[in-house]
Amino acid sequence: GCDALGVEVDVADGEATTRMAEITLEAFGKIDVLVNNAALFTTLTPTPFADIPISEWRRVMDVNVMGVWLCCRAVHPAMVAAGGGRVINIASAAQFKGVPGLLHYVTSKGAVVALTRALAREVGPDGIVVNAVAPGFTLSSGVLANDAQAGPVHDVAMQNRIVDRHQRPSDVVGAVLFLAGPDSEFVAGQTLVVDGGSYLH
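Now for a look at the structure at hand. (Residues numbered from 1 in each chain as written. Predicted model: local features only at pLDDT ≥ 70, side-chain atom pairs only at ≥ 80, totals over all residues. Heavy atoms only, no water.)

## A few points about the sheet that holds strand 3 (residues 128–135)
This is how the line gets drawn: Think of it this way: DSSP has to see at least two bridges between two strands before they count as a pair. Numbering of helices and strands starts at the N terminus; helices are DSSP runs of H or I of at least 4 residues and strands are runs of E of at least 2. The axes are straight lines fitted to the C-alpha atoms, using for helices just the contacting stretch, and the angles between their N-to-C directions are given from 0 to 180°. Contacts between residues were defined by any pair of non-hydrogen atoms, one from each residue, lying within 4.5 Å.
Pairing is parallel across the open sheet formed by 4 strands, whose spatial order is 1-2-3-4. Strand pairing shows two members of the sheet lacking a second neighbour, strand 1 (33–36) and strand 4 (191–194), which therefore form its edges. Across this sheet, the average inter-strand angle for adjacent strands is 20 degrees, counted without regard to direction. As paired elements, strand 2 (residues 85–90) and strand 3 share 6 bridges and run parallel to each other. Across the sheet, Ile 90 pairs through a bridge with Val 133, a residue of strand 3. Relative to the sheet, helix 7 (residues 170–180) contacts strand 1, strand 2, strand 3 and strand 4, its axis offset from that of strand 3 by approximately 170 degrees.

And the structure:
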């Protein structure tokens, strides 16, 4: 019973993200919620920090950090015109715990948390509420296709969990819906960790 629209976008391309917002407005007339979920992770191989290729580091930062900024920038005018909106950035619990072997990814997600806090203060007067969700290590289809992550990284993630089971993509949905809906209208600039109790703060 819902209308959907798929648009292929390189979130690290400013013109592409602007066009994404324009296409969305043409199709639906407004933009209520932005979920910044695009990121490089499942294709990465855990690597000692000194051996990460510079080109790979830059691409991770372009997609995982600049992509969030560009998508926020693209939808901001529409949300201002509508009197407000919600932005939900997908961070990672890894940046709270300091997971080794993925320094570029962990660093990028730390930047997403910082961006979330600063942007929440900047666009709050526009009626735009910005928050983040930080999932734990999730057995997505992409992770399962990467043996370098599905084995060793998953084993480390499971060691400290209070909820003793695998994390599924569906475990994150409720947190995103909460931050997108009316029950969270007084929550701003926060990062909700959804990792089965691996990280406690």
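## Regarding the nonpolar core
Which entries qualify depends on this criterion: Here, nonpolar core means buried Ala, Val, Leu, Ile, Met, Phe, Trp, Tyr and Cys residues that are tied together by side-chain atoms lying within 4.5 Å of each other. Relative accessibility thresholds used throughout: buried, under 20% of the residue-type maximum; exposed, over 50%; partly exposed, between the two (1.4 Å probe, protein chains only).
Formed by 27 residues in total, the largest nonpolar core has its most connected members in Leu 34, Met 79, Val 87 and Val 130. Breaking this core down by element, the ones donating at least two residues are helix 1 (14–28), helix 2 (54–82), helix 4 (103–123) and strand 3. Contacts of Val 87, omitting those with residues within four sequence positions, involve Leu 34, Asn 36, Cys 72, Met 79, Ile 128, Val 129, Val 130 and Asn 131.

## Let's talk about the side chain of Asn 64
Along the chain, the position of Asn 64 falls in helix 2. Excluding residues that lie within four positions of it along the chain, Asn 64 makes contacts with Ala 39, Leu 40, Tyr 105, Ser 108, Lys 109 and Val 112.

## Describing the pairing of strand 3
Among the 8 residues of strand 3, 8 are classified as buried, and the element is accordingly described as predominantly covered. The two faces of strand 3 match: Ile 128, Val 130, Ala 132 and Ala 134 on one face and Val 129, Asn 131, Val 133 and Pro 135 on the other face are all buried. Where strand 3 lies against strand 4, 4 bridges are found, and the strand directions are parallel. Along strand 4, the bridge assignment pairs Val 133 with Leu 192.

## Examining a nonpolar patch on the surface
Test applied: By definition, no residue in a patch forms a salt bridge, and every one has over 30% relative accessible area; like charges are joined within 9 Å, nonpolar side chains (Val, Leu, Ile, Met, Phe, Trp, Tyr) within 5 Å. Shrake-Rupley sampling with a 1.4 Å probe provides the accessible areas, and residues are treated as covered by the protein chains on show and by no other component. Counted as salt bridges are all cases of a side-chain nitrogen of Lys or Arg within 4 Å of a carboxyl oxygen of Asp or Glu.
On the surface, Leu 5, Val 7 and Phe 28 cluster together to form a nonpolar patch covering roughly 240 Å² of accessible area. By the secondary structure assignment, Val 7 is in the segment before helix 1.

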